Amino acid sequence: MPMRFPEGFEWGVAAAAYQIEGAADADGRGPSIWDTFAQTPQRVFHGHTGARACDHFHRFAEDADLIAGLGARAYRLSVSWPRVLPEGTGKVNEAGLGFYDRLVDALLARGVTPWITLFHWDMPQAVFDRGGWLNRASADWFAEFAAVMADRLGDRVKHWFTINEPQVFLGLGHAGGEHAPGMRYALPEVLRACHHVLLAHGRAVSAIRAQGKQARVGWAPHGSIRYPLTVEPADVEAARRATLGIPAGDDWYFNTSWYADPALLGYYPEEGIVRFGSLLPTGFEDDYAAIHQPLDFFGVNIYQGHPTRADEAGNAVEQPRPPGYPHTMFHWPVEPEVLYWGPKFLHERYRLPIYITENGCAAMDWVHADGAVHDAPRVDYLCRHLLALRRAIADGADVRGYFHWSILDNFEWAEGYRMRFGLVYVDYATLERIPKDSYRWYQQVIRTNGACLPENPAPLR
Ligand code: IFM
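Turning our attention to the site of the ligand. Inspection of the region around the ligand gives 13 residues, with Gln-19, His-120, Glu-358, Glu-412 and Trp-413 positioned closest. The contact in question runs from a nitrogen atom of the ligand to an N or O atom on the side chain of Glu-165, over 2.9 Å. One of the side-chain nitrogen or oxygen atoms of Glu-358 is found 2.5 Å away from a nitrogen atom of the ligand. Protein coverage of the free-state accessible area of the ligand, which is 280 Å², stands at 96%. The cavity where the ligand resides is the largest pocket. Its residues assigned to classes, the shell around the ligand comprises 7 nonpolar, 3 polar and 3 charged.

And the structure:
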């Protein structure tokens, strides 16, 4: 009997506003920090911008057809804050809201459930000019935006994510300078911005719930997964502790618990409080109640991880990968085990149903001589990750859905259009969409609820 995913498993695809919409000046949209950043020389690969991207703004009906044609029941999209509130707060841009009305209606008419992310990095420039996440009022501004969206779409949209990958937009955008707004703040400022993001998350959850009792709310952080190379209890325990701990060094912000503990357990992890000490914002504990709002699910974006083993003292030590180990075009190692161990560790700690809100493979795909796009590496990446996820579920991890990143090739932030993540190829000159081999392959997976996945895949090497 072939193994299937559980009945009702949510098969989906994902994308984000700035990465696909284009139409940067249409219908009163205000500028975002990503418009500004991408227009600044030397910031984005070859000076690419999201000004046109996939022109999804004008082609959303065709894209909705592609999503429905895949058989996906769910589409995770994000809303452009500056399209709806060009100044970030105050006057609502009716034409901008109208776009999301049409998009949601087009999805529903095709039997696809919209799952909306409120913040996928494109902060209105006007909000940044008023201090951005460093300004405590940003939490209220974001809640205002959340309320506008929930008020307008709450009759049709039941699934919401507050923020996408705080680790990445805080770490790369506010500490490392590689992403918009391109800042390199000192640690106290980064901690302050992070605290305000968490407060914004909590306030947005409350704002969404105030609009309707049926709303189901979660978030979509980045998953920094350490996984054990063996099933020896010491290795598993070391990997679990490392996955849920805060790494030493400047990359500390790529962790889970600093964000998820306050949001889901109601307090920052002690390890971080001790480490950051007086650098933390004054009175941070007073915000715990506002940050800690009940969530319905834990979304997590997982692409890669760190293979580890325990040393003599029980600490996780990252293990080298063998020469020639498979990597995607982002130089991310292919490590399907992350979809086994990641959901398991996160579910054990946070006790919420898990959705894989992103997972996918960066590649340089092109149209082959026969007119098709043969993206065999993506098919294999997807196959191996879904097998690992199915095994995690069989072993008790409460995973309810999987959203492939991405439906379309799109603007990959600082990498511009240098690499492709889509199940559908986009010709950026003509904007033609061409479903890749992986599209048809995923279609089969969805149709059979995973039963078509191979039982005995060859080992990865
Ligand atoms: O394209 C991004 C997405 O916006 C956030 N998560 C990771 C993806 C691939 O880098």
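Now, onward.
Glancing now at the packing of aromatic side chains. Following the criterion strictly, the structure yields 51 aromatic pairs and no others. Cluster of aromatic residues (ring-pair linked, three or more members): Tyr-18, Trp-34, Phe-37, Trp-121, Phe-411, Trp-413, Tyr-417 and Tyr-428. Above the face of the Phe-161 ring, Arg-76 is positioned so that its terminal group lies 5.2 Å from the ring centre. Here the guanidinium or amino end of Arg-130 rests over the ring plane of Trp-141, the centre of that ring lying 4.4 Å away.

All right, on to helix α7 (residues 138-153) then. With 16 residues, α7 should cover 22 Å at 1.5 Å per step; its first-to-last C-alpha distance of 22 Å lies within 8% of that length. Of the surrounding secondary structure, the elements contacted by the buried residues of α7 are α4 (81-84), α5 (94-109), β3 (113-119), α6 (125-129), β4 (159-164) and α9 (187-211).

Turning our eyes to something else, we now look at the pattern of salt bridges. It is possible for side chains bearing opposite charge to pair when their charged atoms get close. Scanning all chains against the criterion turns up 32 salt bridges. Salt-bridge contacts for Asp-65 lead to Arg-110; the nearest nitrogen and oxygen are separated by 2.6 Å. Within this pair, whereas Asp-65 is found in helix α3 (residues 56-70), its partner Arg-110 is found in the loop between α5 and β3, the two being separated by 45 residues in sequence. With relative accessibility at 42%, the residue Asp-65 sits in the partly exposed group. When its relative accessible area of 31% is taken as the criterion, Arg-110 is described as partly exposed. We note a salt bridge from Asp-409 to Arg-420, for which the minimum N-O separation is 2.6 Å. Here the residue Asp-409 occupies a position in the loop between β11 (399-405) and β12 (424-426), and Arg-420 occupies one in the loop between β11 and β12, the gap between them amounting to 11 residues.

Here the focus is the sheet that holds strand β9 (residues 316-318). Within the open sheet, the 3 strands sit side by side as β6-β8-β9. Their pairing is mixed. Both edges of this open sheet fall to β6 (225-228) and β9, since each of them pairs with a single strand only. Taking each pair of neighbouring strands and ignoring which way they run, the sheet shows an average axis angle of 50°. Judged from the 3 bridges that link them, strand β8 (residues 305-310) and β9 form a sheet pairing that is antiparallel. When the sheet's bridge partners are listed, Arg-309 is paired in β9 with Val-317.

Note that Ile-33 resides in helix α2 (residues 33-39). A sequence separation of 99 residues divides Ile-33 from Gly-132, and the C-alpha atoms of the two residues are 9.9 Å apart. When residues no more than four places from it in sequence are discounted, the contact partners of Ile-33 are Trp-121, Met-123, Pro-124, Gln-125, Phe-128, Ala-180 and Pro-181.

Further remarks concern the layout of surface pockets. Put simply, the largest pocket is a space of about 740 Å³. Lining the largest pocket are 31 residues, with Val-168, His-222, Phe-254, Gln-304 and Trp-332 sitting closest to its centre. When contributions to the lining of the largest pocket are tallied by element, the ones reaching two or more residues are α8 (166-175), β6 and β8. Class assignment of the residues belonging to the lining of the largest pocket gives a composition of 14 nonpolar, 10 polar and 7 charged. Here the second largest pocket is characterised by a volume of approximately 520 Å³. Elements supplying a minimum of two residues to the lining of the second largest pocket: β6 and α15 (376-394). If you tally residues by element for the lining of the second largest pocket, the top one is α15, at 5 residues. Its residues assigned to classes, the lining of the second largest pocket comprises 16 nonpolar, no polar and 7 charged.

Right, let's talk about the pairing of β4 for a bit. Burial analysis of β4 places 6 of its 6 residues in the buried class, which makes it a mostly covered element. Sheet analysis places β3 next to β4, joined by 4 bridges and oriented parallel. Across the sheet, residue Thr-117 finds its bridge partner in β4, namely Phe-161. Note: β4 against strand β5 (residues 216-220), 4 bridges, orientation parallel. Each bridged residue has a counterpart across the sheet, and for Trp-160 the counterpart in β5 is Val-217.

The next subject is the side chain of Asp-287. One can find Asp-287 in the loop between α12 (270-276) and α13 (288-291). On the basis of relative accessibility, which here comes to 8%, the residue Asp-287 falls in the buried class. Among the polar contacts listed, one links the side chain of Asp-287 to the side chain of His-195, at a separation of 2.8 Å. With sequence-adjacent residues up to four places away left out, Asp-287 is seen in contact with Arg-136, His-195 and Leu-199.

Looking now at helix α16 (residues 437-448). Along its 12 residues, α16 runs 17 Å from first to last C-alpha, staying within 8% of the 16 Å computed at 1.5 Å per residue. Here the buried face of α16 lies against β1 (10-14), α3, α15, β11, β12 and β13 (433-435). Following α16 by one or two positions, Asn-449 has its phi on the positive side, about 50°.

What counts and how
- Residues numbered from 1 in each chain as written.
- Predicted model: local features only at pLDDT ≥ 70, side-chain atom pairs only at ≥ 80, totals over all residues.
- Heavy atoms only, no water.
- Near = heavy atom within 4 Å.
- Polar contact = N/O pair within 3.5 Å; in protein donor to acceptor, adjacent residues only side chain to side chain.
- Areas by Shrake-Rupley, 256 points an atom, 1.4 Å probe, with all protein chains shown as cover.
- 1 Å grid on protein atoms, 1.4 Å probe; cavity = no way out; pocket = protein on both sides within 12 Å on 5 of 7 lines; lining within 4 Å.
- Sits in = over half its atoms within 2 Å of the grid points.
- Nonpolar A, V, L, I, M, F, W, Y, C, P; charged D, E, K, R; others polar.
- Phe/Tyr/Trp six-rings, centres within 6.5 Å; stacked < 30°, edge-to-face > 60°.
- Lys NZ or Arg CZ within 6 Å of the ring centre and 35° of its normal.
- Helix = DSSP H or I, 4+ residues; strand = E, 2+ residues; numbered from the N terminus.
- Expected span 1.5 Å × (residues − 1).
- Contact = heavy atoms within 4.5 Å.
- Salt bridge = Lys/Arg side-chain N within 4 Å of Asp/Glu carboxyl O.
- Buried < 20%, exposed > 50% of the residue type's maximum accessible area, 1.4 Å probe, protein only.
- Pairing = 2+ DSSP bridges.
- Axes fitted to C-alpha atoms, helices over the stretch in contact; angles between N-to-C directions.
- Points joined across faces, edges and corners; volume = space filled by probe spheres on them.

Honestly, that's just the spatial picture; any functional story needs more than this.
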